[in-house]
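# Reading the structure
Below are the chains, spelled out letter by letter.
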Amino acid sequence: MQRRLFLGAAAGALALPYLARAQSLPKITIGMSGWTGFAPLTLAEQAGLFRANGLDVETKFVPQRERNLALAAGALNCVVTTVDTMILWGSTMPLVQVLVLDKSKGGDGIAVRPAITNWEGLRGKTVAVDGPGTTPYFVLAYMLRENGLSVRDVRTATLAPQPAAQAFVAGQFDACSTYEPYLSQVRAMGADKGRILATTTDHACVVDTLAFSPDFVARNEAAVRLVVKSWYDALAMIEREPDKSFEIMGKRVNQSGEAFKASAAFIDWQDAAENRAYSADGLPQFMAKALEVQKEAGVVRQSPDLAKLLDTRFLAG
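Residues numbered from 1 in each chain as written. Predicted model: local features only at pLDDT ≥ 70, side-chain atom pairs only at ≥ 80, totals over all residues. Heavy atoms only, no water.

Going by this rule: UniProt positions are given in the numbering used here, feature names are shortened, and annotations may be inferred rather than shown by experiment.
An unreviewed UniProt entry lists the protein under the name ABC transporter permease, with Pseudoroseomonas cervicalis ATCC 49957 given as the organism. The UniProt entry for the protein carries the following text under Sequence similarities (unreviewed entry): "Belongs to the bacterial solute-binding protein SsuA/TauA family." Recorded in UniProt under Subcellular location (unreviewed entry), the annotation for the protein is "Periplasm".

Now the structure itself:
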């Protein structure tokens, strides 16, 4: 009995630093979506990786156009989205990116009917795409710009990514702009019904980051560093236990592990080394180009200070 009491007391003593740290750090609520690139955050939450690092983290699915409002209102204290959207949000509110989550490598794209054989064939056609300020809209604007057109050269029908893909598969509209896992619905169509005109493999324009308000970062540097570490831990778990990881991540978006694995093939999650390299050379240039696209599309009217929109101090994890 004495031995059991001693062991229990010892275990309690060992747990004290963990409990004290957990209690001293704020609860973090992350606003995200079902985009495959964000899924390691789900894994970090549901596999206990945040908790193992002393964090209390909740991930919530919040529509992209509402995430910044929820952050400003205090309903969220962390958001993830694309760099182009961070630029838009940063033009109206204080925001700082601290981590690159992923790069799309075919996970976003434009689908068209078989009769549309090139970009010029999109002129005057109707594209199902989410509204201005969203990722699919930016993808459309970016790719049109890269091919000598603009969003003013097409008609748009405003539909969220999943309904846009579903409508296109059902035979509606001339084209659609969407992303995984919904883009795979288009990939599964027969070539006589539709095809992919281009993806982010052709035009690398979708990069996702994680951001806080500058005030939150200033007050909670330790917590921010642990969020970054937990992301890296999730990527390590995917390497170590892929089947279990895909099952957990897929379940969140109503996919089997195998289906999620297939959609993840179009995503390049960024580890610590990739974060450091890209943030030093690549991301600053892409942010500048994304800002120009957003301004030309009429989405951004007031340019944010791009230097203040990125803080690389936490990338070591």
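Having seen the model, we can carry on.
### Thoughts on the packing of helix α10 (residues 221–240) against helix α11 (residues 242–252)
How we decide: Angular values range over 0 to 180 degrees, each being the angle between N-to-C directions of two axes fitted as lines to C-alpha atoms, with helices fitted over their stretch in contact. Secondary structure elements follow DSSP: runs of H or I no shorter than four residues count as helices, runs of E no shorter than two count as strands, and numbering proceeds from the N terminus. Working rule for angles: under 35 degrees goes down as roughly parallel, over 145 as roughly antiparallel, 65 to 115 as roughly perpendicular, anything else as oblique. Two residues form a contact once any of their heavy atoms are found within 4.5 Å.
Viewed as axis vectors pointing N to C, α10 and α11 meet at an angle of 120°, and their least axial separation amounts to 5 Å. Taken together, the axis directions place α10 and α11 in an arrangement best described as oblique. Residues Met-237, Ile-238, Glu-239 and Arg-240 of α10 lie in contact with α11, whose contacting residues are Pro-242, Lys-244, Ser-245, Phe-246, Ile-248 and Met-249.

### Digging into empty space enclosed by the protein
Our working definition: A cavity here means a set of 1 Å grid points, computed over protein atoms only, where a 1.4 Å probe fits but cannot escape. A pocket is an open set with protein on both sides within 12 Å along at least 5 of 7 lines, and lining residues have an atom within 4 Å of a point. Grid points are joined across faces, edges and corners, and a volume is the space filled by probe spheres set on the points. Charged means Asp, Glu, Lys or Arg here, nonpolar means Ala, Val, Leu, Ile, Met, Phe, Trp, Tyr, Cys or Pro, and polar covers whatever is left, Gly included. Each domain span listed reflects an automatic or database assignment of domains.
Here the structure, examined in full by the defined rule, presents two cavities of 30 Å³ or more. Roughly 90 Å³ of internal volume is contained in the largest cavity. Breaking the lining of the largest cavity down by element, the ones donating at least two residues are α4 (64–73) and β3 (78–82). Residues of the lining of the largest cavity, tallied by class, amount to four nonpolar, five polar and three charged. Split by domain, the residues of the lining of the largest cavity number at least three in each of domain 1 (28–103 + 206–308) and domain 2 (108–199). Roughly 30 Å³ of internal volume is contained in the second largest cavity. Lining the second largest cavity are Met-32, Ser-33, Gly-34, Trp-35, Ala-39, Thr-42, Phe-61, Met-249, Arg-252, Val-253 and Phe-260. The residue makeup of the lining of the second largest cavity, split by class, is seven nonpolar, three polar and one charged.

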